[in-house]
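What follows is each chain in one-letter form.
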Amino acid sequence: MKDIKIAVIGLGYVGLPLARLFATKYSVVGFDINQARIDELLLGHDSTLEVDNTALQSVLKNNLSTGIGLFCTSNTEDLKNCNHYIVTVPTPIDKNNKPDLAPLYKSSRTVGKYLKKGDLVIYESTVFPGATEDECVPVLEQISGLKLNIDFFVGYSPERINPGDKLHTIDNILKVTSGSTPQTGKKVDALYASVIPAGTHLAPSIKVAEAAKVIENSQRDINIAFVNELAKIFNLMDIDTQDVLKAASTKWNFLPFKPGLVGGHCIGVDPYYLAQKAQEVGYHPEIILAGRRVNDSMGQFVASAVIKLMLKNNIQVNGAKILVLGITFKENCPDIRNTKSVTVINELKSYETDVTVYDPKANPKEVMHEYNLKIVNTIPKNTYDAIVITVSHKEFLKLDLKSFLKQKGIIYDVKGEWNGTVNGRL
């Protein structure tokens with residue numbers, strides 16, 4: 001494996017941890033089209049907080065000729081001497097919840113320009129079964145003029161990064177691998193096994209590996225949808241959902257899922273990839289899409305519950321000041337992609353309320369750019385008619401929330417993790 005030179009395409013939440021890990025043993029070129037992202041990485045800082053700055057700085061190198069280490073660049077010409085290309089770009093959905101493969105196509109065209117005989121291309125992006133071979137490979141062949149399994153080879157090893165999770169890091173998660181031929185599968189498996197102590201699982205085909213990944217997140221989505229539906233039912237029955245789940249969890253085989261807002265770039269997106277493919281082959285996936293509908297409705301449900309609590313406390317809704325704690329899609333993570341906190345905010349605004357957003361984890365410029373929302377740096381005392389905790393950041397759990405409320409103000413805890421007294425929770 002001495003002659004392996006790896007290019008990681010995309011240096012976001014998935015690509016950077018992978019590039020950093022491979023750079024401990026190989027020569028790695030980390031490529032991203034975002035020059036601002038490259039600039040911050042070259043300074044040894046990762047704004048996604050997925051890679052510790054010390055760990056990042058330990059593998060950085062200033063040029064391509066220094067051997068083992070990570071060279072970050074936005075110049076595609078720096079990819080030409082690589083022979084292993086790993087694509088880790090996002091796979092979003094469009095406004096109609098249809099898979100958007102544009103980032104994959106663009107990355108495949110970039111790799112195709114520099115593809116040589118004997119090279120290996122590995123995709124990590126979450127896709128529907130068949131996408132690697134049916135959608136990406138034709139682009140590689142067209143741009144390079146080479147033929148799959150004759151001139152070059154392809155693998156698929158789905159990412160399993162959990163943003164903000166410092167326990168289940170890339171080197172602690174078993175990696176599923178696969179290849180376009182049995183021998184390629186073994187080569188892909190050996191490559192990942194050389195840097196991942198947790199081990200690997202070689203799937204029999206690329207389609208199996210693709211399917212395994214997409215059902216992982218679909219399964220979580222459906223399970224969360226179930227407890228979200230329970231929250232709606234128990235709310236109507238005036239029963240505390242958290243108390244019910246705590247009691248039920250005493251049984252050894254009860255699955256401890258909790259209700260909440262399901263956003264982000266994985267669980268809230270990936271089921272649509274599987275659903276789209278299912279419909280293409282003639283099957284309507286009822287459970288998968290029902291789960292999506294339930295989870296997508298939770299922002300509206302939370303906002304409605306908050307308004308009802310305000311009315312019960314004789315708080316005038318029109319013009320009421322509401323503080324929303326959290327704009328990221330999950331706790332202790334700066335990722336704002338596809339966050340459902342925005343749904344809560346917009347729904348609350350539809351009642352003519354004055355909403356303030358506070359989140360020390362989020363980048364204010366990104367929030368303004370993506371959602372046209374301003375986040376504040378400080379929270380004034382005795383100001384708000386209601387506080388809604390949408391994300392349970394560690395910082396929020398330490399706050400004296402009542403000090404920010406007016407006399408009749410209410411607190412609604414979406415995650416059910418704040419230790420103080422609340423007026424409502426999912």
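Thresholds applied
- Residues numbered from 1 in each chain as written.
- Predicted model: local features only at pLDDT ≥ 70, side-chain atom pairs only at ≥ 80, totals over all residues.
- Heavy atoms only, no water.
- UniProt positions renumbered as here; feature names shortened; annotations may be inferred.
- Pairing = 2+ DSSP bridges.
- Helix = DSSP H or I, 4+ residues; strand = E, 2+ residues; numbered from the N terminus.
- Axes fitted to C-alpha atoms, helices over the stretch in contact; angles between N-to-C directions.
- Contact = heavy atoms within 4.5 Å.
- Buried < 20%, exposed > 50% of the residue type's maximum accessible area, 1.4 Å probe, protein only.
- Arc of directions from axis to C-beta.
- Core = buried A, V, L, I, M, F, W, Y, C linked by side-chain atoms within 4.5 Å.
- 1 Å grid on protein atoms, 1.4 Å probe; cavity = no way out; pocket = protein on both sides within 12 Å on 5 of 7 lines; lining within 4 Å.
- Points joined across faces, edges and corners; volume = space filled by probe spheres on them.
- Nonpolar A, V, L, I, M, F, W, Y, C, P; charged D, E, K, R; others polar.
- Salt bridge = Lys/Arg side-chain N within 4 Å of Asp/Glu carboxyl O.

- By the naming in an unreviewed UniProt entry, the protein chain goes by Nucleotide sugar dehydrogenase and is assigned to Gelatiniphilus marinus.
- Turning to the protein chain, the UniProt record has this under Sequence similarities (unreviewed entry): "Belongs to the UDP-glucose/GDP-mannose dehydrogenase family."

Some thoughts on the sheet that holds strand E3 (residues 69-73)
Part 1 of the reasoning: One open sheet holds the 6 strands; their spatial order is E3-E2-E1-E4-E5-E6, and the pairing between them is parallel. If you trace the sheet from one side to the other, it starts and ends with E3 and strand E6 (153-156), each paired once. Strand after strand, the sheet turns through a mean of 20° between neighbouring axes, direction not considered.
Part 2 of the reasoning: Strands strand E1 (5-9), strand E4 (84-87), strand E5 (120-123) and E6 of the sheet are contacted by helix H6 (residues 182-193), whose axis makes an angle of about 70° with E5.

Concerning the UniProt feature "domain: UDP-glucose/GDP-mannose dehydrogenase C-terminal" (unreviewed entry) in the protein chain
Part 1 of the reasoning: As annotated in UniProt, the feature "domain: UDP-glucose/GDP-mannose dehydrogenase C-terminal" (unreviewed entry) corresponds to residues 323-420 in the numbering used here.
Part 2 of the reasoning: Its end C-alpha atoms 17 Å apart, residues 323-420 is made of 21% helix and 26% strand.

Re helix H2 (residues 35-42)
Part 1 of the reasoning: Three or more residues of H2 are buried, namely Arg37, Ile38, Glu40 and Leu41. For H2, the angular spread of the buried residues around the axis is 165°, confining them to a single face.
Part 2 of the reasoning: The elements touched by buried residues of H2 are helix H1 (15-22), strand E2 (27-31), helix H3 (53-59) and E3.
Part 3 of the reasoning: Phi turns positive, to about 80°, at Gly44, one or two residues after H2.

Quick notes on the nonpolar core
Considering soluble globular proteins, one finds that nonpolar side chains tend to be buried as a cluster.
Part 1 of the reasoning: Judged by nonpolar contacts, the single largest core of 39 residues is most densely connected at Tyr85, Val121, Tyr123 and Val154.
Part 2 of the reasoning: Apart from the residues lying within four places of it in its own chain, the contact partners of Val154 are Leu120, Val121, Tyr123, Thr132, Val137, Leu140, Leu148, Gly179, Ser180, Thr184 and Ile206.
Part 3 of the reasoning: The next biggest cluster of nonpolar side chains, apart from the first, holds 34 residues, and it includes Leu309, Val344, Leu348 and Val367.

Here's the deal with the sheet that holds strand E11 (residues 375-376)
Part 1 of the reasoning: Strand order in the open sheet made by the 6 strands is E11-E10-E9-E12-E13-E14, with parallel pairing throughout. Only two strands of the sheet have a single partner each, and these edge strands are E11 and strand E14 (424-425).
Part 2 of the reasoning: In the sheet, strand E9 (residues 321-325) pairs with strand E12 (residues 384-389) via 4 bridges, with the strands oriented parallel. The residue of E12 that forms the bridge with Ile322 is Ala386.

Here's the deal with empty space enclosed by the protein
Part 1 of the reasoning: Counted by the stated rule, this structure contains 1 cavity of 30 Å³ or more.
Part 2 of the reasoning: Its boundaries defined by the atoms lining it, the largest cavity holds a volume of some 70 Å³.
Part 3 of the reasoning: Val14, Glu124, Glu159, Arg160, Ile161, Ile170, Ile173, Leu174 and Lys175 are the residues that line the largest cavity.
Part 4 of the reasoning: In terms of residue class, the lining of the largest cavity is made up of 5 nonpolar, no polar and 4 charged.

Here we look at the pattern of salt bridges
Part 1 of the reasoning: In this structure the tally under the stated criterion is 18 salt bridges.
Part 2 of the reasoning: Two residues, Asp46 and Arg37, come together in a salt bridge whose shortest N-O distance is 2.9 Å. Arg37 matches Asp46 in its accessibility class, with the two residues each being buried.
Part 3 of the reasoning: Residue Asp221 pairs with Arg292 through a salt bridge whose shortest N-O separation is 2.7 Å. Here the residue Asp221 occupies a position in helix H7 (residues 206-236), and Arg292 occupies one in helix H10 (residues 286-296), the gap between them amounting to 71 residues.
Part 4 of the reasoning: With relative accessibility at 0%, the residue Asp221 sits in the buried group.
Part 5 of the reasoning: Sharing partners across several salt bridges, the network here consists of Asp221, Arg292, Asp296 and Lys340.

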